[in-house]
Amino acid sequence: MSNNHFTDVAAPPFMQPVVLNILSVDDDEIDRLRLKKLCRKAGMEAEFFEAANLDEMSLLLDREQFDLVFLDHNLGMDTGLDALKLLLTHEEQVQAVPIMLTSVTSYSIAVEAMRRGCADYIVKEELSTDALIKSIASAIERRALYGQLSSARASEKELKRIFQRFIVGCGPDLRLLLSRTLAGVRVVKSQARQDDSVPPSVLSDVSMLERSCKDLVAFMDDLDSVIEDTRHVTARVSPNLLQ
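Model, not experiment: these values are computed from the prediction.

About the thresholds
- For every chain, the first residue of its written sequence is number 1, and the numbers climb from 1 along that sequence.
- Only residues with pLDDT of 70 or above have their local features reported here, since the model is predicted, and side-chain atom pairs are shown and tallied only from 80 upward, although totals for entire chains, interfaces and linings are computed over all residues.
- Side-chain numbers come from the whole structure's heavy atoms, not from hydrogens or water.
- Only when DSSP finds a minimum of two bridges between them are two strands counted as paired.
- The helix count covers DSSP runs of H or I at least four residues long, the strand count covers runs of E at least two residues long, and both are numbered beginning at the N terminus.
- Throughout, an axis means a line fitted to C-alpha atoms (over the contacting stretch in the case of helices), and angles, computed between N-to-C directions, take values from 0 to 180 degrees.
- We call two residues contacting when some pair of their heavy atoms lies within 4.5 Å.
- A score between 0 and 100, pLDDT records how confident the predictor is in each residue.
- Place the viewer so that the strands point away; then a crossover is right-handed whenever the path from the first strand over the helix to the second strand goes clockwise.
- The definition of a nonpolar core used throughout is a set of buried Ala, Val, Leu, Ile, Met, Phe, Trp, Tyr and Cys residues joined through side-chain atoms within 4.5 Å.
- Under the scheme applied here, a residue whose accessible area is under 20% of the maximum for its type counts as buried, over 50% as exposed, and between as partly exposed, the area being computed with a 1.4 Å probe on protein chains only.
- Between Lys or Arg on one side and Asp or Glu on the other, a salt bridge is scored when a side-chain nitrogen of the former is within 4 Å of a carboxyl oxygen of the latter.
- Any two of the Phe, Tyr and Trp rings considered here, Trp counted by its six-membered ring, make a pair once their centres fall within 6.5 Å; the pair's planes then place it as stacked at under 30 degrees, edge-to-face at over 60, or tilted in between.
- Every helix has an expected span of 1.5 Å times one less than the residues it contains.
- Working definition: the arc comes from the directions between the helix axis and the C-beta atoms, pointing outward to the latter.
- Throughout this description, a polar contact denotes any pair of N or O atoms lying within 3.5 Å of each other; where both atoms belong to protein, one of them has to be capable of donating a hydrogen while the other can accept it, and for residues adjacent in sequence the pair is counted only when both atoms sit in side chains.

(A) Inspection of the sheet that holds strand β2 (residues 46–51) at higher detail. Read across the sheet, 5 strands follow the order β2-β1-β3-β6-β7 without closing on themselves; strand pairing throughout is parallel. Here the strands that pair on one side only, and so sit at the sheet edges, are β2 and β7 (120–123). On average, adjacent strands in this sheet sit at an angle of 20° to one another, irrespective of strand direction. Pairing of strand β6 (residues 97–102) with β7, which is carried by 4 bridges, proceeds in the parallel orientation. Residue pairing for β7: Leu 101 is matched across the bridge by Ile 122. Packing against the sheet, helix α2 (residues 54–63) makes contact with β1 (20–25), β2 and β3 (68–72), and its axis sits at approximately 145° to β2. Contacts from helix α4 (residues 107–115) reach β6 and β7, with the element oriented near 165° to β7.

In structure tokens form, the structure reads like this:
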């Protein structure tokens, strides 16, 4: 299964010459048939799979890799949120884009589904070809954005680890070196003020060295602050994750 058709938002994947694997999880056979017809009407080249409950869904998730998964909120004894959790925790379905189908009175459920990782939702009473196309395009765009944000957060986390290794490993020695350099620079400047034979260009270079040392000290202080802020955020978030 290629991942390229998930990233082109301007041209939705069902407009490309690629066959999508679509799963509909709904305990109502008529609703599943209606969704299938709308997908065909929308011009999708797709292989359509159906599950009436979580057990059937689980079997299909183990057998196939899906591009789009439509989850009805009402699944008898279970809910679409249960189905969403099953999908998102399945290691073979990381590329699947989940879309929740809710009733007009279940907006709060739709919001909760989005919060838990659903890419989009469609109100069943408003389901049409246009609504389906817009929802899928929006879901793919949102999934691509989430992927970019995740990569950015991972890069930021790695950068902070590098900073921390630098501060812990090189920080003490570098601070000592800077301290000694600054002390030596101040001695030279003091002597230069008493000796008119020191060229102005040399004094200017010494002053530049002093400023550079101070800038390095300030930079290391900033790194310390960033790392310390990260520790505080981690300390606040970690207990919440355990609840």
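(B) Looking closely at the confidence of the model for the protein. Mean pLDDT over the protein: 77, with 76% of residues reaching 70 or higher. Looking across the protein, the model is least confident in helix α7 (residues 200–242), with a mean pLDDT of 66, and most confident in α2, with 95. Ignoring residues within four places in sequence, the model shows residues 233–243, a span with pLDDT below 50, making 1 contact including any to other chains.

(C) Expanded view of the pairing of β2. Here β1 pairs with β2 via 6 bridges, running parallel. Its bridge partner lying in β2, Leu 20 is registered against Ala 46. Handedness of the crossover joining β1 and β2 through helix α1 (residues 29–41): right-handed.

(D) Broad picture of the environment of Ile 167. Among the secondary structure elements, Ile 167 is positioned in helix α5 (residues 129–169). For Ile 167 and Asp 221, which are 54 residues apart along the polypeptide, the C-alpha to C-alpha distance reads 9.6 Å.

(E) Representation of the nonpolar core in the model. Judged by nonpolar contacts, the single largest core of 21 residues is most densely connected at Ile 22, Leu 35, Cys 39, Met 44, Phe 70, Leu 132 and Ile 136. Contributions of two or more residues to this core are made by β1, α1, β2, β3, β6 and α5. By size, the runner-up hydrophobic cluster in this structure holds 20 residues, among which are Val 25, Leu 81, Leu 87 and Met 100.

(F) Structural context of the pattern of salt bridges. Tallying each qualifying case throughout the model produces 6 salt bridges. Where Asp 31 meets Lys 124, a salt bridge forms, and the shortest distance between an N and an O atom there is 2.7 Å. A residue pair is termed long-range when its members are at least 10 positions apart, and Asp 31 in helix α1 and Lys 124 in the loop between β7 and α5 qualify at 93 residues. Owing to a relative accessible area of 23%, Asp 31 belongs among the partly exposed residues under this scheme.

(G) Looking closely at the pairing of β3. Burial of β3 is extensive: 5 of the 5 residues sit out of reach of the surface. The pairing of β1 with β3 spans 4 bridges and is classified as parallel. Along β3, the bridge assignment pairs Ser 24 with Phe 70. Here 5 bridges tie β3 to β6, and the two strands are oriented parallel to one another. Paired with Phe 70 across the two strands is Ile 99, which belongs to β6.

(H) A look at the packing of aromatic side chains. Enumeration over the complete set of coordinates arrives at 1 aromatic pair. Note on Phe 49 and Phe 66: the rings are 5.3 Å apart at their centroids and 80° apart in plane angle, and the pair reads as edge-to-face. Of the two residues, Phe 49 is situated in strand β2 and Phe 66 in the loop between α2 and β3; the sequence distance between them amounts to 17 residues. In this pair, the class of Phe 49 matches that of Phe 66, namely buried.

(I) Structural view of α1. In a regular helix each residue adds 1.5 Å, so 13 residues correspond to 18 Å; α1 covers 18 Å between its end C-alpha atoms and thus fits that length. Within the sequence span of α1, burial applies to Arg 32, Leu 35, Leu 38 and Cys 39. Each buried residue of α1 lies within a common arc of 125° when the element is viewed along its axis, so the set occupies one face. Structural note: α1 exposes Glu 29, Ile 30, Lys 37 and Lys 41 on the side pointing more than 90 degrees away from its buried face. Where α1 begins, the side chain of Asp 28 points an oxygen toward the backbone nitrogen of Ile 30, at a separation of 2.9 Å. Gly 43 lies just past α1 and shows a positive phi near 90°.

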